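Fold and contact review
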Amino acid sequence: MRRRNGPDARFGARLAITSAATAVAAVPFSLALVLVESQWAPLHRLDQGAAERLHRYVLGHPSWLGVLEFFTQIVWDPVTMRLLVAAVVVWLLRRRALRLAAWAACTAITGGLVGLLAKNAVERARPHLPDPVAHAPGFSFPSGHAMTATTSCAVLLLVLLPVVPKAWRPLAWVLAVVSVIGVGFTRVALGVHWVSDVVGGWLLGIVVVTATAFAFEAWRSDIGRPRTTAAEGLEPELATAEPEPPAGTVTARSPQDGRRSR
């Protein structure tokens, strides 16, 4: 009974409930953004103007087309990003960081489901430009590339920062930010998304990561571990030989947690 109601059980319940709540909340959030886009003239002009200017630039510089397609279809493609997250999950399992592996997998899966749900709920058409240089299937809002890049880069950062030397951590942040912004730029430049699609993808990705990260922090609190910051990563103990305690373990740091363990 103690094990079923212990910190690991509460962590799993919170992770599932938070993920479900995020999925439910994401759709009206997306709908609200689309309504603003469709009715607010300044944002409409921004979308249209950015799409047309970048489209004209790409048409005038054909050599850029191959570069944009390489980054959007290979380097920052959702499949590539998810494979990186999957590789990290496997590595975490081998390190026996089971809860962190569960968090990473849940965040990636929830992000994909939320994005797909929002796309099919909103059903926004993609840009229609003269002489299109690229095509993409499905609906437009939010950008799946932008959302996947946001959730994947956040997962990779929050998991791997503890094992990255401090001198190299700024570079890791730069690579993540460049990837997230860069994939958004390529989608607009190729004419397959509006600027607001990309922003919507970024925002939804941040919502998903924030929600699931809070669930992981709640588990840390339950077992008496201190709160962490984004600069430290979700589990600073990952740099040690045994990053996570055995199931049902509560440290002696928190009297309240100690009472729960009895």
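Owing to the predicted nature of the structure, the values given are computational and were not obtained by experimental measurement.

This next bit is on the side chain of Ser179. Within the fold, Ser179 resides in helix H7 (residues 169-189). Non-local contacts of Ser179, meaning those with residues more than four positions away in its chain, are made with Trp76 and Cys153.

Attention now goes to the confidence of the model for the protein. Overall, the prediction assigns the protein a mean pLDDT of 81, with 79% of residues at 70 or greater. Across the protein, the secondary-structure element scoring lowest on mean pLDDT is helix H9 (residues 255-261), at 39, and the one scoring highest is helix H4 (residues 78-94), at 95. In the model, residues 252-262 has pLDDT below 50 throughout and makes 14 contacts with residues more than four positions away in sequence or in other chains.

This part covers the nonpolar core. If you look at the biggest cluster of nonpolar residues, it comprises 21 residues, and the most contacted ones within it are Leu92, Leu100, Trp103, Val159 and Leu234. For this core, the secondary-structure elements that each account for two or more residues are H4, helix H5 (98-122), helix H6 (144-160) and helix H8 (195-222). Within the second largest apolar cluster, ten residues are counted, among which are Met81, Leu157, Ala176 and Val183.

So, about the packing of H6 against H7. Running from N to C, H6 and H7 cross one another at 175°; their axes reach a closest spacing of 9 Å. What the angle tells us is that H6 and H7 run roughly antiparallel. From H6, His145, Ala146, Ala149, Thr150, Cys153 and Leu157 reach across to H7, where they touch Ala172, Trp173, Ala176, Ser179, Val180, Val183 and Arg187.

Counted by the stated rule, this structure contains two aromatic pairs. Look at Phe70 and Phe71: their rings are 5.4 Å apart centre to centre, the planes differ by 80°, and that puts the pair in the edge-to-face class. Phe70 sits in the partly exposed class, given a relative accessible area of 41%. Note on Phe71: relative accessible area 30%, which makes it partly exposed. Aromatic pair Phe71 and Trp76: ring centres 4.9 Å apart, planes at 35°, arrangement tilted. Of the residues examined, Trp76 reaches a relative accessible area of 11% and is grouped as buried.

Another point: the environment of Val209. Structurally, the position occupied by Val209 is in helix H8. Val209 gets classed as buried once you look at its relative accessible area, which sits at 9%. For the pair Val209 and Ala108, spaced 101 residues apart in the sequence, the C-alpha separation amounts to 8.7 Å. If sequence neighbours within four positions are ignored, Val209 has contacts with Trp103, Thr107, Thr151, Ala154 and Leu158.

The subject of this paragraph is the packing of helix H2 (residues 41-60) against H7. Each packed pair of helices is defined by two parameters, the angle between the axes and the distance between the axes. Orientation of H2 relative to H7, taken along the N-to-C sense of each, is 80°, at an axis distance of 8 Å. The orientation of H2 with respect to H7, classified from their angle, is roughly perpendicular. Each of Ala51, Leu54, His55 and Val58 in H2 lies in contact with H7, whose residues at this interface are Phe185, Val188 and Ala189. Within the contact of H2 with H7, the residues separate by chemical class into six nonpolar, one polar and no charged.

Within the secondary structure layout, Glu235 lies in the loop between H8 and H9. Exposure remark for Glu235: the relative accessible area of 0% places this residue in the buried category. Taking the C-alpha atoms as reference, Glu235 lies 7.6 Å from Leu100; in sequence the two are 135 residues apart. When neighbours within four sequence positions are excluded, Glu235 is seen to be in contact with Ala97, Leu100, Leu158, Pro162, Phe216, Trp219, Arg220, Arg225, Pro243 and Glu244.

We now examine the environment of Thr186. Along the polypeptide, Thr186 turns up in helix H7. The spatial distance from the C-alpha of Thr186 to the C-alpha of Leu68 is 5.7 Å, given a sequence separation of 118 residues.

As enumerated under the stated definition, the model contains five salt bridges in all. Here Arg124 and Asp197 are joined by a salt bridge, their closest N and O atoms 2.6 Å apart. Of this pair, Arg124 sits in the loop between H5 and H6 while Asp197 sits in helix H8, and the two are 73 residues apart along the sequence. On the basis of relative accessibility, which here comes to 0%, the residue Asp197 falls in the buried class. Between Arg220 and Glu237 there is a salt bridge, with the nearest N and O atoms lying 2.9 Å from each other. Note that Arg220 is positioned in helix H8 and Glu237 in the loop between H8 and H9, a separation of 17 residues in sequence. Relative accessible area serves as the criterion here: at 1%, Arg220 is assigned to the buried category. Within this structure, Arg220, Arg225, Glu235 and Glu237 form a network of salt bridges that share partners.

Cut-off values and rules
Numbering of residues starts from 1 in each chain and follows the order in which that chain's sequence is written. Local features are withheld for residues below a pLDDT of 70 in this predicted model, meaning they are given only at 70 or higher, and side-chain atom pairs are given and counted only at 80 or more; totals for whole chains, interfaces and linings count all residues. To get the side-chain values, take all heavy atoms of the structure and skip hydrogens and water. Secondary structure is summarised from DSSP: a helix means a run of H or I of at least four residues, a strand means a run of E of at least two, and numbering begins at the N terminus for each. Any two residues whose heavy atoms approach within 4.5 Å at even a single point are treated as in contact. By definition, pLDDT measures how confident the predictor is in each residue, and it falls between 0 and 100. To qualify as a nonpolar core, a set must consist of buried Ala, Val, Leu, Ile, Met, Phe, Trp, Tyr and Cys residues joined through side-chain atoms within 4.5 Å. Remark: exposure states derive from per-residue accessible area (1.4 Å probe, protein chains only) relative to the maximum for the residue type, with buried under 20%, exposed over 50%, and partly exposed in between. All axes are obtained by fitting lines to C-alpha atoms, using only the stretch in contact for helices, and the reported angles, taken between N-to-C directions, cover 0 to 180 degrees. Convention used here: angles under 35 degrees read as roughly parallel, angles over 145 as roughly antiparallel, angles from 65 to 115 as roughly perpendicular, and any remaining angle as oblique. The aromatic pairing rule takes the rings of Phe, Tyr and Trp, using the six-membered ring of Trp, and pairs them if the centres are within 6.5 Å, calling planes under 30 degrees apart stacked, those over 60 edge-to-face and the rest tilted. Residue polarity follows a fixed list, in which Ala, Val, Leu, Ile, Met, Phe, Trp, Tyr, Cys and Pro are nonpolar, Asp, Glu, Lys and Arg are charged, and the others, Gly among them, are polar. A pair is scored as a salt bridge if a Lys or Arg side-chain nitrogen falls within 4 Å of a carboxyl oxygen belonging to Asp or Glu.

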